[in-house]
Amino acid sequence: MTELLKLDRLALAYEGERGQLLPVVQDLSLSLEQGHIGCLLGPSGCGKTTVLRSIAGFEPPRAGTIELAGRIISSASHQLAPEHRQVGMMFQDYALFPHLTVEQNIAFGLRRQDKARRSLRVDELLSLTALESMRARYPHELSGGQQQRVALARALAPEPQLLLLDEPFSNLDVDTRERLAYEVRDILQKTGHTAMLVTHNQAEAFAIADRIGVMRQGMIEQWGTPFQLDQRPASEFVADFIRREALMAKRAQAYLRGVTP
Amino acid sequence: MDHWAHLFSFVLPAALRNTVALLLGVGALVACLGVGAAWLVTAFDFPSRRIASWALLLPLAVPTYIVAFAYLDILHPIGPFQTVLRDILGYDSPRQFRLPDIRSLPGAIFLLGFVLYPYVYLSTRAMFATQAVSLLEAARVLGESGRSAFFRVALPLARPAIAIGVSLALLETLNDIGASEFLGIQTLTVSVYTTWITRSDLAGAAQIALAMLAIVVFLIMLERHGRRRQRYSNNGRGRTLRARKLTGSAAIIAIGLAWAPVVIGFVAPALYLLFETIRHFDQTGGVSDQLLRSAYNTVGVALAATALTIAAGVIVAWASRATRSARPGRLAMLCVRLGSMGYAIPGTILAIGLLTPFILVDKLMASTWMLLGNPDPGLLLMGSGVALVFAYAIRFLAISIGGVEAGLSRIPPSMEQAARLLGERPGGVLRRVHLPLLRPALVACALLVFVDAMKELPATLLLRPMNFETLATWLYAEASRGTYEEGAVAALAIVLAGLIPVVLLARTQSGSSYSHD
């Protein structure tokens with residue numbers, strides 16, 4: 001297996017009101033193999049979305065590097081523009097273009113291809129995401145789940161090397177959320193895409209990811225397989241975070257069944 | 001030093017007092033009228049609501065100097081309104097009963113307020129219609145009554161829109177010269193004008209102008225401060241507010257409230273001008289060529305100015321947004337602020353400032369041309385109207401920057417980031433994402449700029465080429481000569497031309513498919 005994404009001692013910071021630096025992420029290293037789905041898991045405010053935005057090219061690092069397919073795309077001194085990274089992203093609010101139809105949204109990134117290939121690719125994605133009958137609709141005429149699938153199809157259309165997903169299921173209700181998590185996983189596996197996902201939901205992470213990183217206050221506590229995290233947590237925090245989430249899920253299920261544990 | 005001593009003791013204190021009182025009065029009146037009307041047509045359903053919601057824009061077509069010109073006659077002690085009133089009340093002479101003179105500070109506040117409130121109405125209604133809906137519904141669910149939902153949710157949410165609208169109306173007030181002059185209010189603007197033109201004291205005029213600029217800077221800072229902390233991105237999945245249906249006496253009151261500003265700010269003065277024009281046609285039998293030519297001139301310069309202004313506004317506002325997170329962004333922010341200053345600078349002062357450099361450039365070009373052995377070309381920039389188009393563009397850049405900024409702030413940043421990740425360069429993002437999404441905002445801005453350029457009086461008077469008349473200067477000349485019927489024809493033409501963009505504006509507002517989402 002080859003390494004596709006490599007973050008090496010990455011540090012990110014925001015500039016405050018008076019120009020001072022507010023550190024968000026410090027000394028973060030991880031690597032993701034081709035075809036795997038990685039996941040950054042952590043409570044809100046831990047900096048996981050900032051990491052994702054910096055892989056996309058919207059946050060210049062203060063130190064460290066980001067490497068994609070053996071090429072440095074971000075460092076403190078050099079930033080490859082987002083449009084040249086071959087990175088796709090599914091946004092939390094989906095960011096569908098409201099003035100374009102489903103079909104036009106998906107074709108947005110295919111401008112440089114000739115017409116025949118473009119429509120072939122759009123058809124392929126429409127059938128992959130089961131949206132054929134929606135092709136002429138506008139985003140506001142779709143349900144939340146359908147909008148999400150359009151966002152996924154649009155991000156996959158230009159064949160990105162890496163797909164980023166920012167809290168992809170947080171806008172959906174619980175039932176749809178679980179179903180879509182598996183759907184997205186299937187689609188990504190079918191197409192062999194490498195993806196990096198950000199979530200605060202442990203169940204989501206375990207359902208979808210091959211590698212999980214638990215984040216806390218801008219640091220990564222542990223980066224490993226779901227099995228490793230569950231069986232050999234590297235720290236108290238990781239163990240707690242995963243156990244608490246699992247316990248809550250169990251309690252919730254018990255409550256729904258009408259039993260008190 | 002002499003100028004300053006004289007001005008300081010005789011002219012400035014009274015002019016400053018008048019100006020501040022006028023601004024406070026007009027500000028309060030336009031805020032009440034604009035917000036009230038916007039809330040009325042958004043939150044309540046009553047007969048004629050749809051028509052009222054665009055008719056409320058009509059006073060945009062009536063410039064301040066025309067409303068003053070019209071009401072001076074309408075409300076004159078022996079004019080139509082007071083005559084009818086006396087007949088009803090049973091008096092037969094103005095000596096027995098007359099209303100307070102409109103030529104007063106309260107009169108000026110009243111008239112200016114009723115033609116300038118659409119600035120507030122327009123910006124606030126858009127905010128109510130698109131932004132506040134789900135939050136208002138949330139407030140209702142949390143047990144707020146309709147009225148407290150307005151004061152606790154809708155009003156604070158609309159604050160940036162109100163600030164923009166009020167500041168535009170106040171800057172318009174500060175710029176006004178015709179209405180203040182007709183109504184006898186010695187404001188700072190009038191003082192600048194009379195000091196320069198009547199007493200040929202350019203230095204003195206510039207000194208009063210300085211005092212005005214202080215007020216202008218204060219107003220701008222107030223506006224920028226008010227909306228600094230406001231964020232109002234729209235995620236594109238909202239709905240329109242469901243209006244409450246009014247019946248019986250509530251509906252009648254609503255109709256009265258919604259139509260009163262339209263009648264006072266538009267219908268009455270327009271009807272008056274129409275009657276005067278018809279009377280004039282009966283007497284003379286037609287329109288003079290001069291009037292036609294000035295109409296043609298007016299549309300020409302206004303169109304050129306609109307194109308220039310909108311293009312510049314898009315570039316400046318977009319550059320400032322695109323570089324906001326980067327370090328050179330400060331420069332772009334500075335550009336936005338400087339660019340927006342132009343609207344604040346009253347036409348008279350802008351003309352003082354532009355005259356000198358334009359004449360310098362003209363002389364330089366002429367002498368270069370003559371060195372090459374050609375005959376004297378005269379003043380190229382001043383003579384061709386380029387100076388005028390420039391002045392308009394500087395004056396009205398704030399409208400287009402403000403409108404584009406507000407439009408851009410409704411487009412979530414993720415929209416642009418998505419386009420970038422799909423391989424589009426910044427310029428392509430502007431063309432394929434921002435411009436289509438901004439179209440309603442751009443159309444609205446273009447129409448506002450067009451109307452304003454058409455109505456503009458002070459800068460036009462001072463910067464137009466020789467023998468070049470626009471409708472506004474023609475009206476002014478007629479009025480100064482005292483031939484009021486001819487003035488009414490030009491005034492009516494300005495109002496009618498101003499109506500076209502207002503009607504178009506109303507249609508784009510109700511017809512665009514995604515602005516309500």
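Presented here is a report on the structure given in the accompanying data block. Please read all numbers here as calculations on a predicted model, not as lab measurements. (Residues numbered from 1 in each chain as written. Chains lettered and ligands numbered in written order. Predicted model: local features only at pLDDT ≥ 70, side-chain atom pairs only at ≥ 80, totals over all residues.)

## Topic: the packing of helix 19 (residues 413-421) of chain B against helix 20 (residues 426-455) of chain B
All names here are of chain B. Where helix 19 contacts helix 20, the two axes come as close as 10 Å, and the packing angle between them is 130 degrees. It follows from the interaxial angle that helix 19 and helix 20 lie oblique. The handedness of the crossing between helix 19 and helix 20 comes out as right-handed. On helix 20, the residues touching Met415, Glu416, Ala419 and Arg420 of helix 19 are Val429, Arg432 and Val433. (Axes fitted to C-alpha atoms, helices over the stretch in contact; angles between N-to-C directions. Helix = DSSP H or I, 4+ residues; strand = E, 2+ residues; numbered from the N terminus. Parallel < 35°, antiparallel > 145°, perpendicular 65-115°, else oblique. Left-handed = near helix turned anticlockwise from the far one by under 90°. Contact = placed C-beta atoms within 7 Å.)

## Focus on helix 16 (residues 347-371) of chain B
Residue and element names in this part refer to chain B. Helix length check: helix 16, at 25 residues, gives a terminal C-alpha distance of 35 Å against a target of 36 Å (1.5 Å per residue), a fit within 8%. Maximum bend of helix 16: about 30 degrees, positioned at Leu354, with proline Pro357 one to four residues after it. Turning to helix 16, its buried residues are Gly347, Thr348, Ile349, Leu350, Ala351, Leu354, Phe358 and Asp362. Just downstream of helix 16 lies Gly373, where phi reads positive at about 90 degrees. (Expected span 1.5 Å × (residues − 1). Bend = angle between axes of the 7 residues up to and from the residue. Buried ≥ 20, exposed ≤ 12 C-beta atoms within 10 Å, placed from the backbone.)

## Considering the interface of chain B and chain A
By convention, interface size is frequently given as the accessible area that disappears when the constituent parts associate. Across the boundary between the two partners, chain B contributes 20 residues, which contact 18 residues of chain A. Sorting the residues of the side of chain B that touches chain A by element identifies helix 19 and helix 20 of chain B as the ones contributing at least two each. The biggest single contributor to the side of chain B that touches chain A is helix 19 of chain B, with seven residues.

## Considerations on helix 20 of chain B
Between its first and last C-alpha, helix 20 of chain B extends only 37 Å over 30 residues, short of the 44 Å set by a 1.5 Å rise per residue. Along helix 20 of chain B, the largest kink reaches about 60 degrees and is centred on Arg439 of chain B; proline Pro440 of chain B follows within four residues of it.

## Describing the sheet that holds strand 3 (residues 37-41) of chain A
Residues and elements named next belong to chain A. An order of 6-7-8-3-9-10 is seen for the six strands of this open sheet, with the pairing classed as mixed. With partners counted over all chains shown, the strands left at the sheet margins are strand 6 (87-90) and strand 10 (219-224), one partner each. Each neighbouring strand pair of the sheet contributes to a mean axis angle of 20 degrees, computed without reference to strand direction. Inspection of the sheet shows strand 6 paired to strand 7 (residues 162-166) by four bridges, in the parallel sense. Bridged to Val87 within strand 7 is Leu162. Contacts from helix 4 (residues 144-156) reach strand 6 and strand 7, with the element oriented near 175 degrees to strand 6. (Pairing = 2+ DSSP bridges.)

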